[in-house]
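# Architecture at a glance
One-letter residues, chain by chain:
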Amino acid sequence: MAQPMYAVEYLAGMQVEGGKVYLSADILTAYPTANMLKMKTEGVSVSIDGTDMFSTNYDDESHITTGKSYIFNKDCLVAIG
């Protein structure tokens, strides 16, 4: 399977606390050019906008836009790009 060909401009790493709500608007205020989050911890589940939690894998990426909320099940590191 072909791998995507793109480069990510990393802007920051963000240590998040399990159980705490994080708003995409706050992230985008701090990093206005950001458009993605990348999981940098293995074995983390996340809820987006109050939906059921689902598991993520190391290096999973997600597009970020305003109007979203995230809750992680445990402390983890997320890269912002």
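Each chain has its residues counted from 1, following the order in which its sequence is written. The predicted nature of this model means local features are confined to residues of pLDDT at least 70 and side-chain atom pairs, given and counted, to a pLDDT of 80 or more, with totals for whole chains, interfaces and linings taken over all residues. For the side-chain quantities, the full set of heavy atoms in the structure was used; hydrogens and water were omitted.

## Structural notes on the overall build of the protein
Here a strand is any run of E in DSSP of at least two residues, a helix any run of H or I of at least four, and the numbering for each starts at the N terminus. Helix and strand content of the protein: one helix and eight strands. Helices and strands appear in the protein in the N-to-C order β-β-α-β-β-β-β-β-β. Expressed along its principal axes, the backbone C-alpha trace of the protein runs to roughly 35 × 30 × 20 Å. Evaluated residue by residue, the protein yields a buried proportion of 32% over its 81 residues. It only takes one pair of heavy atoms within 4.5 Å for two residues to be counted as in contact. In the protein, the share of contacts with a sequence separation of at least 24, taken over all contacts with a separation of at least 6, comes to 67%. Total accessible area computed for the protein in this model is approximately 5100 Å², and 54% of it derives from carbon and sulfur atoms. Under the counting rule used here, the positive set is Lys and Arg, the negative set is Asp and Glu, and His together with the chain ends is not counted. Note that the charge is assigned to NZ on lysines, CZ on arginines, CG on aspartates and CD on glutamates. Here the protein carries 5 positive and 10 negative side-chain charges, and the mean point of each set is 2 Å from the other. For every residue, the accessible area obtained with a 1.4 Å probe (protein chains only) is divided by the maximum for its type, and the residue is called buried under 20%, exposed over 50%, and partly exposed between those limits. Using a 1.4 Å probe, accessible areas were evaluated by the Shrake-Rupley method; residue-level cover was limited to the displayed protein chains.

## What about the sheet that holds strand β6 (residues 61-63)?
Hydrogen bonding along the main chain pairs the strands of a sheet, whether they run parallel or antiparallel. In short, DSSP must find at least two bridges between two strands for them to pair. Strands sit in the order β1-β8-β3-β6 across an open sheet of four strands; the sheet is antiparallel. One side of each edge strand has no neighbouring strand; the edge strands of this open sheet are β1 (12-16) and β6. Strand-to-strand, the axes of this sheet are offset by a mean angle of 30 degrees, without reference to chain direction. Axis geometry follows a simple rule: fit a line to the C-alpha atoms, using only the stretch in contact for helices, then measure angles between N-to-C directions, giving values from 0 to 180 degrees.

## Details of unusual backbone geometry
One non-glycine residue, D49, lies in positive phi territory at about 55 degrees. Position of D49 relative to the elements: it lies in the loop between β4 (45-48) and β5 (54-55). The partly exposed category is assigned to D49, whose relative accessible area is 39%.

## Digging into the side chain of S24
Counting through the fold element by element, S24 comes out in helix α1 (residues 24-30). Look at S24 and you get buried, because its relative accessible area is 0%.

## What about the pairing of β1?
The side-chain alternation of β1 yields one buried face, formed by A12, M14 and V16, and one unburied face, formed by G13 and Q15. When β1 meets strand β8 (residues 76-80), the two strands line up antiparallel, connected through five bridges. Note on β8: the bridge partner recorded for A12 is I80.

## Considering the sheet that holds β4
Ordered in space as β2-β7-β4-β5, the four strands form an open sheet in which the pairing is antiparallel. Looking at the sheet topology across the chains shown, the edges are occupied by β2 (21-23) and β5. With three bridges joining them, β4 and strand β7 (residues 69-72) adopt antiparallel strand pairing. Among the inter-strand pairings, I48 is bridged to a residue of β7, identified as Y70.

That is the geometry; function is a separate question.
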